[in-house]
Amino acid sequence: MPKQLYLCIQRSDPQAMSGGEEPSPAQMEVMFAKFNAWKEQFKEEIVDMGGRLGAGAVVTSDSTIDGPFAECKEIVGGYMIVETETLEQALEVARQSPGVFPGASVEVREISKT
């Protein structure tokens, strides 16, 4: 079966995530260890780790507006591209991501080749 590319979009709800304290260095070390273990487990499926997204803009037919927008319910914070045989396999990569926690999600979308 041929493999399919999927775009994984990291989203977070700033209100759900705000109010917490910054993680300690020890907590950061644990988070990085989980992230690196996940990345190693799915190294065959992860084609492009993408990265965090910073400032940008929205282009419409009649204007360009700076963004992202603080009033948005969810903010897109990053992306990656995975290659698997099925959507279910791509969803499993996303499910096990350390980036999925209360107040955050990963949207998985098939990238059409036509």
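Conventions and cut-offs
- Residues numbered from 1 in each chain as written.
- Predicted model: local features only at pLDDT ≥ 70, side-chain atom pairs only at ≥ 80, totals over all residues.
- Heavy atoms only, no water.
- Core = buried A, V, L, I, M, F, W, Y, C linked by side-chain atoms within 4.5 Å.
- Buried < 20%, exposed > 50% of the residue type's maximum accessible area, 1.4 Å probe, protein only.
- Helix = DSSP H or I, 4+ residues; strand = E, 2+ residues; numbered from the N terminus.
- Contact = heavy atoms within 4.5 Å.
- Pairing = 2+ DSSP bridges.
- Axes fitted to C-alpha atoms, helices over the stretch in contact; angles between N-to-C directions.

**What about the nonpolar core?**
One recurring pattern in soluble globular proteins is that nonpolar side chains are buried together. Formed by Tyr-6, Cys-8, Trp-38, Phe-42, Ile-46, Met-80, Val-82, Ala-90, Val-93, Ala-94, Val-106 and Val-108, the largest nonpolar core amounts to 12 residues. For this core, the secondary structure elements donating two or more residues are strand 1 (4-12), strand 5 (75-84), helix 3 (87-95) and strand 6 (104-110). By residue number, the principal contributor to this core is helix 3, which donates three residues. Excluding residues that lie within four positions of it along the chain, Ile-46 makes contacts with Trp-38, Lys-39, Met-80, Ile-81 and Val-82.

**Things to note about the sheet that holds strand 6**
Taking strand neighbours across the sheet as the criterion, the four strands line up as 2-5-1-6 in an open arrangement whose pairing is antiparallel. Looking at the sheet topology across the chains shown, the edges are occupied by strand 2 (46-52) and strand 6. Across the sheet, the mean angle from the axis of one strand to that of its neighbour is 20 degrees, orientation sign disregarded. Note: strand 2 against strand 5, four bridges, orientation antiparallel. When the sheet's bridge partners are listed, Ile-46 is paired in strand 5 with Val-82. With respect to the sheet, helix 2 (residues 25-41) is in contact with strand 2 and strand 5, its orientation differing from that of strand 2 by roughly 150 degrees.

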